[in-house]
Amino acid sequence: MESKPTGNLSIDGIHVDMEHLKKGEVNLGTSIMAALFDGGVILGADSRTTTGSYIANRVTDKLTQVHDTIWCCRSGSAADTQAIADIVHYYLQLYNVQNHEPPTTQVAASIFQELCYSNKDQLSAGMIIAGYDARRKGEVYSIPLGGSLHKQRYAIGGSGSTYIYGYCDANWKENMTEAECIEFVKGALAEAVKWDGSSGGVIRMVVLTERGAERKIFFPDESYKGNGQ
Amino acid sequence: MNHFPEAWGRPRNDVYGAYDASHLQSSMPNQHTQSPIVTGTSVVALKFNGGVVIAADNLASYGSLARFTDIERLKQVGTHTVVGAGGDISDMQYLHEKLLDPLIIKEEYQNDGHHLRASHIYRYLSRVLYQRRCKFNPLWNTLLVAGWDEGKSFLASADLLGTTFAAPALATGFGAHLAVPLLRRVCPDEAAVENITREQAIAAVEECMKVLFYRDARSLNKYSLAIITGEGVESVGEGAAKEKVTIEWKKDVELQNQSWKFAEGIRGYGAQVV
Amino acid sequence: MPSSTSIGTGYDLSNSVFSPDGRNFQVEYATKAVENGGTAIGIRCKDGVVLAVEKLIGSKLLVPGSNKRIASVDNHIGIACSGLVPDARHFTSRARSEASNWRKLYRSPIPISSMADAMGGYAQAYTLYSSVRPFGVTAIIGGMDEAGGPGLWMVEPSGVGWGYFGAATGRGRQAAKAELEKLPLPNITVEEAVKQAARIIYFAHDDNSKDKDFELEMTWVRLEKGSAEELEEGGATKGWGKHEEVPKELVAEAERLAKESMEGGGDEEMEE
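Residues numbered from 1 in each chain as written. Chains lettered and ligands numbered in written order. Predicted model: local features only at pLDDT ≥ 70, side-chain atom pairs only at ≥ 80, totals over all residues. Heavy atoms only, no water.

Asks: I keep staring at the overall build of chain C and nothing clicks. Help me out?
Replies: Per the secondary structure count, chain C includes 6 helices and 12 strands. Principal-axis analysis of the C-alpha atoms gives chain C an extent of 55 × 50 × 40 Å. The 272 residues of chain C split such that 50% are buried. Considering only contacts in chain C between residues 6 or more positions apart, those separated by 24 or more positions represent 67%. With an accessible surface of roughly 12,500 Å², chain C has 51% of that area assigned to carbon and sulfur atoms. (Helix = DSSP H or I, 4+ residues; strand = E, 2+ residues; numbered from the N terminus. Buried < 20%, exposed > 50% of the residue type's maximum accessible area, 1.4 Å probe, protein only. Contact = heavy atoms within 4.5 Å. Areas by Shrake-Rupley, 256 points an atom, 1.4 Å probe, with all protein chains shown as cover.)

In structure tokens, the structure reads:
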């Protein structure tokens, strides 16, 4: 395998280089997000996976369960993020049986961080972790490329997120209802999908509350309308 | 070395050209990523009579994107010390959560009345930074360590190369260019420290934060400030005069008294006057 | 305990060998070692935990306050030991590793029940192999965590570990247990428990080792300043605790009251 430097070294010298993917590797171009509301948390994602400009999968599921009510959104290399999610899933199962209690979202996030930080040289993974536990209610954590961990009230990620920083900042409200939050996430992702060539397809969501995890899906040919079933 | 954390530890591209990686064979073992990703900018600090004040804004940038606007880059370490960090945020978190927190916990096991003071934290950090740079896998930070030590205020700097120095007025990153000259007007040398009051020091640092917000494109108008004041020397024996260290925090401070109104009078860029 | 008939049969010489009636004598001998140690107690309160030991002083040449029997492991957990001091040192050292490893992986402090589980497992492993002997220690683990609030556990040489409202071990355990049972646990405050703990240690000392000198060593775990406090329905405080020595003035006052109650004739009803 040859390793040629790819991507541009901008004035900031930052190698924002999702292209440091190995040749032919599958990329989750991606728009992902998670947001808190009164009573829980919602994760959302588009469904496009690309290799270069070819859409390798138009109905991808980027929302991954790592415990009963702890889920993550994956962006970056599909292979890397799947491997990470699988390992975290294992750790959390182990935690559950060894300590006779389910892990908190914070515990899940720090295992994600451990993996992302200590392998930062070989990974391209940007992840958002969201979970609900009876004690701390909904929580959202973001782990960007270098492996730092940031607790947030809402988080956006992936290439499409750069187009919706303004939308989200303007439309985010504290203590939204579940319905308001669904509209917020849907509105944001619809914009991201509209402007980002690497994002597209359906909008998937997972709603985490004391009821557990519920999936929703919205279709582009229905202009993402409807109740998501 | 310039104010961009991304360029620290590298020869200047404009003089030497960009780093040529073509000779790096893919079979070479152990390549480390040598670049920061989520970054913080300057840290500014100044000694005064009886203490030291330190400040850093609350921004974590992702390239030019202002990605996180609620980051705390100043952190109390033990009872005597505040560490301020610029550069990579993931490395800063590692430094605190994996090295300093356990260090403080272990130290307290002795329960002997001794505590790690600012100079101890500083020596430890500078050794860690130098050791990591010798492994060609540096922790991409510049740190200011501020605190109280042996009856005096303490302030010193350590960076990703293991370079260390101390001065009564210090700033990292962009602040090294913009803030240090301003601070030196107030405090030219160590002897000047005893004539600087706490209020003067805070005012000088606040002024620096303002100038940095005007001129540093990776800065934010919201910052944190810590004021460490002390009296006396650590002593453990019975009846000895007690050391007293207090750390006062001001968080989520918004920049005050900015000057923008003059922009109205600025028209065109040369001959035009309307 | 092994009866005089079982001693010398050979089944008490090795850890990995059961006696024909299914006992591990090495574990029972380890328990004997604990029964000779100074009394140690733990009290679980609604707002924290109090640990206290009767530290027997073997020599007047020892520096007062040295050779502590209660150790901090992490910020929020304390372990009080009775039995062989070197064994206790190793045991707490292992507990510190458990706490530190937990923090490294999960970036949060270890819950008290998980610590008790881990240490129970560790002690039990020392009952299985012929190359080792069991710990001559019974450890009282007290702490306070976010999910469970105050927690008190006692791990014995066999590796068994139970949760308690009030725990006692060492030579004065019987007297101490009897006194602990009279307290309305866990519905007392740490401040009250400090006085009770001092009284119980003095009482147990009077009962079992009157001729020996001792120092009272006392620590508590209470809510750490700045940690989120949450009151359960029952009124118990939850949040991360801070384990530290009980301030000297409070210990002195508690000791004064304890001595007073001794002079009053020992077995009187508890009072403020």
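Asks: What is the right way to read the interface of chain B and chain C from this model?
Replies: Buried accessible area, meaning the area lost when the parts come together, often serves as the stated size of an interface. On the side of chain C, 9 residues touch chain B, which itself brings 5 residues to the contact. Between chain B and chain C the total buried area reaches about 790 Å² when both faces are included, carbon and sulfur atoms providing 53% of it. Counting the surface chain B buries against chain C, the share from its top three residues, B:Lys98, B:Ile105 and B:Tyr109, is 66%. Remark: the boundary between chain B and chain C carries 1 salt bridge. In this structure, the connection of chain B to chain C is made through 2 residue pairs in polar contact (both at pLDDT 80 or more). For the side of chain B that touches chain C, the residue count by class is 2 nonpolar, 1 polar and 2 charged. (Buried area = accessible area lost by both parts, 1.4 Å probe. Salt bridge = Lys/Arg side-chain N within 4 Å of Asp/Glu carboxyl O. Polar contact = N/O pair within 3.5 Å; in protein donor to acceptor, adjacent residues only side chain to side chain. Nonpolar A, V, L, I, M, F, W, Y, C, P; charged D, E, K, R; others polar.)

Asks: I keep staring at the side chain of C:Asp87 and nothing clicks. Help me out?
Replies: Tracing the chain through its elements places C:Asp87 in helix 2 (residues 85–106). By relative accessible area, which is 8% here, C:Asp87 ends up buried.

Asks: For this particular structure, what's the right way to read helix 5 (residues 198–215) of chain B?
Replies: Residue pairs spaced three or four apart in an α-helix point in one direction, given the helix's 3.6 residues per turn. With 18 residues, helix 5 of chain B ought to run about 26 Å at 1.5 Å a step, and its terminal C-alpha atoms sit 26 Å apart, in line with that. Residues of helix 5 of chain B that are buried in the fold lie against strand 2 (43–48), strand 3 (51–57), helix 4 (174–186) and strand 12 (222–231) of chain B. (Expected span 1.5 Å × (residues − 1).)

Asks: In this structure, what is going on with the nonpolar core? I would like to understand it.
Replies: Looking at soluble globular proteins, one finds that nonpolar side chains tend to be buried together. Of all hydrophobic cores here, the largest spans 43 residues; its most connected members are A:Ile84, A:Phe112 and C:Met115. The dominant element in this core, judged by the number of residues it contributes, is helix 2 (residues 105–118) of chain A, at 7 residues. Once residues within four sequence positions are removed from consideration, A:Ile84 is found in contact with A:Phe112, A:Leu115, A:Cys116, A:Leu123, A:Ala125 and A:Met127. A:Val41, A:Ile156, A:Val185 and A:Ile203 belong to the second largest nonpolar core, which has 39 residues in total. (Core = buried A, V, L, I, M, F, W, Y, C linked by side-chain atoms within 4.5 Å.)

Asks: What's the story with the packing of helix 4 of chain B against helix 5 of chain B in this structure? I'm lost.
Replies: When two helices pack together, their arrangement is given by the angle between the helix axes and the distance between those axes. Residue and element names in this part refer to chain B. At a minimum axis separation of 10 Å, helix 4 and helix 5 run at an interaxial angle of 150°. For the pair helix 4 and helix 5, the sense of crossing is right-handed. Facing Phe174, Gly175, Leu178, Ala179, Leu182, Leu183 and Val186 of helix 4, the residues of helix 5 in contact are Ala204, Val205, Cys208, Val211, Leu212 and Arg215. Its residues placed into classes, the contact of helix 4 with helix 5 shows 11 nonpolar, 1 polar and 1 charged. (Axes fitted to C-alpha atoms, helices over the stretch in contact; angles between N-to-C directions. Left-handed = near helix turned anticlockwise from the far one by under 90°.)

Asks: Please clarify how the UniProt feature "domain: Proteasome alpha-type subunits" (unreviewed entry) in chain C should be interpreted in this entry.
Replies: Feature annotation in UniProt assigns "domain: Proteasome alpha-type subunits" (unreviewed entry) to the following positions: residues 11–33 of chain C. Taken end to end, residues 11–33 of chain C has its terminal C-alpha atoms 19 Å apart, with 39% of it in helix and 0% in strand. (UniProt positions renumbered as here; feature names shortened; annotations may be inferred.)

Asks: I tried to follow the sheet that holds strand 12 (residues 203–209) of chain A on my own but got confused; where do I start?
Replies: Strands in a sheet are paired, the pairing made by backbone hydrogen bonds, and the direction either parallel or antiparallel. All names here are of chain A. With respect to topology, 5 strands assemble into an open sheet ordered 11-2-3-12-13, the strand pairing being antiparallel. Each end of this open sheet is capped by a strand with a single partner; those strands are strand 11 (154–157) and strand 13 (212–218). If you compare each strand with its neighbour and ignore which way they point, the axes differ by 15° on average. Summarising the sheet, strand 3 (residues 40–45) and strand 12 pair through 6 bridges and their orientation is antiparallel. (Pairing = 2+ DSSP bridges.)

Asks: Help me understand the pairing of strand 1 (residues 40–44) of chain C, please; the structure alone is not making it clear to me.
Replies: Working note: regular strand, side chains alternate between the two faces of the sheet. Residues and elements named next belong to chain C. Most of strand 1 sits inside the fold, with 4 of its 5 residues counted as buried. With 5 bridges joining them, strand 1 and strand 2 (residues 48–57) adopt antiparallel strand pairing. The residue of strand 2 that forms the bridge with Arg44 is Val49. Where strand 1 hands over to strand 2, the hairpin turn is made up of 3 residues, counted between the paired strands. With 4 bridges connecting them, strand 1 and strand 8 (residues 166–169) associate as antiparallel partners. Residue pairing across strands places Gly42 opposite Ala167, the latter belonging to strand 8.

Asks: Even after reading the chapter, I still don't get unusual backbone geometry, so can you show me in this structure?
Replies: Both trends apply: most residues other than glycine have a negative phi, and most peptide bonds are in trans. The residue after C:Leu185, namely C:Pro186, is reached through a cis peptide bond having omega 5°. With a phi close to 50°, B:Glu150 is a non-glycine residue in the positive phi region. Here B:Glu150 shows up in the loop between strand 8 (141–149) and strand 9 (152–159).

Asks: I keep staring at the confidence of the model for chain C and nothing clicks. Help me out?
Replies: Note that predicted coordinates carrying low pLDDT should not be read in detail. When pLDDT is averaged along chain C, the result is 90, and 90% of the positions lie at 70 or above. The secondary-structure element of chain C with the lowest mean pLDDT is strand 10 (residues 230–231) of chain C, recorded at 64, while strand 1 of chain C shows the highest, at 98. (pLDDT = per-residue confidence, 0-100.)

Asks: What am I meant to see in the sheet that holds strand 11 (residues 169–171) of chain B here?
Replies: Residues and elements named next belong to chain B. Taken together, 5 strands build an open sheet; the order of strands is 11-2-3-12-13 and the sheet is antiparallel. Where the open sheet ends on each side, the last strands, each with one partner, are strand 11 and strand 13 (244–254). Averaged over all neighbouring strand pairs, the angle between strand axes comes to 10°, with direction disregarded. Where strand 2 and strand 3 come together, 6 bridges link them in antiparallel fashion. Looking at strand 3, one finds that Phe48 is bridged to Gly51. Contacts between helix 4 and the sheet are confined to strand 2 and strand 11, with strand 11 contributing the most and set at about 160° to the helix.

Asks: Explanation requested: the state of the cysteines in the structure shown.
Replies: Among covalent bonds in proteins, the disulfide is the one between the sulfur atoms of two cysteines. Residue and element names in this part refer to chain A. Inspection of every chain in the model, using the stated rule, returns 0 disulfides over all chains. The closest cysteine sulfur to the non-disulfide-bonded Cys73 is located on Cys72, 7.0 Å from its own sulfur. You can call Cys73 buried: its relative accessible area is 0%. This cysteine, Cys168, is not joined by any disulfide, and Cys181 carries the nearest cysteine sulfur, 11 Å off. (Disulfide = S-S within 2.5 Å.)

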